[in-house]
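# Summary of structural features
Read off the chains here:
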Amino acid sequence: MKGSFKLGKIAGIGIFIHWSFSILIAYIIFINYRTGNSPAQIVWSVLFILSVFATVVLHELGHALAAKKFNIKTKDITLLPIGGLARLESLPEKPKEELIVSIAGPLVNVALAILTGFFIEFPDNPEQLSLLLSKGINAHTFFLNFYIVNIFLALFNMIPAFPMDGGRVLRALLGFKYEKHVATKIAARIGQLLALGFIILGFFVNPFLIFIGVFVIMGAQMEAEFTQSKFILKGYKVRDILMKQYQSIDANEPLKTAITLLLDSQSKNFLITDNKEAVGTLNRDQIIMGLSENGENTPIQNIMNRNLIFLDADSQLESVFELVYKNKSNLLLVLENNELVGTLDTENLIEFLLIKEVKSKKVYDT
Ligand code: ZN
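Sequence positions are assigned chain by chain, starting from 1 and proceeding in written order. Local features in a predicted model are, by the rule used here, given only for residues with pLDDT of at least 70; side-chain atom pairs are given and counted only at 80 or more, and totals for whole chains, interfaces and linings are based on all residues. Only hydrogens and water are set aside when side-chain values are computed; all heavy atoms of the structure are taken into account.

### Brief notes about the overall build of the chain
Where helices and strands are cited, they refer to DSSP runs of H or I of at least four residues and of E of at least two residues respectively, numbered from the N terminus. Per the secondary structure count, the chain includes 12 helices and 10 strands. Seen through its principal axes, the chain has C-alpha atoms that stretch 80 × 55 × 40 Å. Residue contacts are defined here by distance: any two heavy atoms, one from each residue, within 4.5 Å place the two residues in contact. Put simply, 61% of the contacts in the chain that link residues at least 6 apart link residues at least 24 apart. For the chain, the accessible surface area stands at approximately 20900 Å², while carbon and sulfur atoms represent 62% of it. Neither His nor the chain termini are counted; the positive set is Lys and Arg, and the negative set is Asp and Glu. Here the site of a charge means NZ on Lys, CZ on Arg, CG on Asp, or CD on Glu. Considering the chain, the positive charge centre built from 34 side chains and the negative charge centre built from 33 side chains are found 4 Å apart. For the area figures, the Shrake-Rupley method with a 1.4 Å probe applies, and any residue is considered shielded solely by the protein chains shown.

The following block contains the structure:
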């Protein structure tokens, strides 16, 4: 994820932290200062934040290790102030597997809460509890606060809304009855309704809820569109959408040639060849950047993108879908028996999706 820094590696999984986590830390230090807490208390607070960091890592490792049981690897874990994100290489397809992988994270928090429970002398009544908590974090209240955070994290993550774990648990449960894209749609709508509630509540209670609400609405939309797209693409292969006609330019040609082609044709993406061999790609942004930095007479090979990505013509679209999206605005090359048979970019994919979507709606209408 953009704006993330690497902390280390656990069980072969890279652990990253997103810059926005620093806002949370700054906020906590700020609150400590404002209440006039002693340096010792600030140190305890920082220690506490670190323990929350560790908790979030453990929560995500819960997901990652559960996924490993179903042979799904985890690319990395990123800590966000909202809870953390384990990027699995693929998502469990079967409802039962998704249920186990999604619930494993919150279960880690439940386990941590139960474990810390043994070290806490629970106050007798709510007044005593709020008195204890009002003193901030110190040696005496550390475990109590840790306990509460874990209960909170378990409950918070179980909110039945994407991208929270609860959203996936809900989808998995619906998945026992409905097809995946239908289950996703229902779960996404339920989540968005809840999010709307958060936003309204946020104006009265805590502005942080507005932030969560917006996050959930966007997350749910993305999830619904993603599964819908995958559903539409099911059964189609790369060869069904590849472009057989594509513009290619020799790598030794000056940038001028590409500019002329860009202006004279519909193409925004070009294949760059050397002796008829593909050596790079060039898109509109790279042409504009090259023009402003190197001038129109610079050879194309100096500014082209040399990182070629190949797809097999027989690959399922469903499985290359994410790869194509990740390389937005770059041309991908399609091979058949090691021969270049065409190219593909995000625009082809989007056009194909739009056409199929309209067609499938027509079927429902009639
Ligand atoms: Zn989780």
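### Observations regarding the pairing of strand 4 (residues 85–88)
A one-sided burial pattern is seen for strand 4, the buried positions being Ala-86 and Leu-88 and the unburied ones Leu-85 and Arg-87. The criterion for strand pairing is that DSSP finds at least two bridges linking the strands in question. Here strand 3 (residues 74–79) runs beside strand 4; their pairing, made up of four bridges, is antiparallel. Among the inter-strand pairings, Ile-77 is bridged to a residue of strand 4, identified as Ala-86. To sort residues, take the accessible area from a 1.4 Å probe on protein chains only and compare it with the maximum for the residue type: under 20% means buried, over 50% means exposed, and anything in between is partly exposed.

### Examining the nonpolar core
Membership of the largest hydrophobic core comes to 27 residues, with the highest contact counts inside it found for Phe-48, Phe-53, Ile-77, Leu-79 and Leu-88. Counting residues per element, the ones that place at least two in this core are strand 2 (13–18), helix 2 (39–69), strand 3, strand 4, helix 3 (95–117) and helix 5 (142–157). Per-element tally for this core: the top contributor is helix 2, with 10 residues. Residue contacts for Leu-79: discarding those within four places in its chain leaves Leu-7, Phe-16, Ile-17, His-18, Phe-21, Phe-53, Val-56, Val-57 and Gly-84. Residues enter a nonpolar core if they are buried and are Ala, Val, Leu, Ile, Met, Phe, Trp, Tyr or Cys, with the set joined through side-chain atoms within 4.5 Å. In terms of nonpolar packing, the next biggest core, distinct from the first, is built from 18 residues, Val-238, Leu-242, Val-320 and Leu-344 among them.

### Let's talk about the coordination of the zinc ion
Water is not part of the atom set, so a site may look incomplete; the donors themselves are N, O and S atoms within 2.8 Å of the metal, or 3.2 Å for Na, K and Ca. At 2.0 to 2.6 Å from the zinc ion lie its protein donor atoms, namely His-59 (NE2), His-63 (NE2), Asp-165 (OD) and Asp-165 (OD). Metal sites are grouped by the angles between bound donors: all angles between 85 and 135 degrees with four donors is tetrahedral, opposite donors over 155 degrees apart with the others between 65 and 115 is square planar for four donors and octahedral for six, and any other pattern is irregular. If you look at the zinc ion, its four donor atoms make angles of 55 to 151° with each other, and the shape they trace is irregular. The sequence motif formed by the donor residues of the zinc ion is H-x3-H-x101-D. You can see His-59 sitting in helix 2 and its partner Asp-165 sitting in helix 6 (residues 165–175), a full 106 residues away along the chain. Judged by relative accessible area, His-59 falls into the buried class, the value being 2%. Owing to a relative accessible area of 9%, Asp-165 belongs among the buried residues under this scheme.

### A look at a nonpolar patch on the surface
Taken together, the side chains of Ile-29, Tyr-33, Val-43, Val-46, Leu-47 and Leu-50 present a nonpolar region at the surface, about 540 Å² in accessible area. When residues in the nonpolar patch are grouped by element, the largest group, four residues, is from helix 2. Residue classification places Leu-47 among the partly exposed positions, given a relative accessible area of 41%. Patch definition: residues with relative accessible area over 30% and no salt bridge; like charges joined within 9 Å; nonpolar side chains (Val, Leu, Ile, Met, Phe, Trp, Tyr) joined within 5 Å. Only one rule defines a salt bridge in this text: a Lys or Arg side-chain nitrogen within 4 Å of an Asp or Glu carboxyl oxygen.

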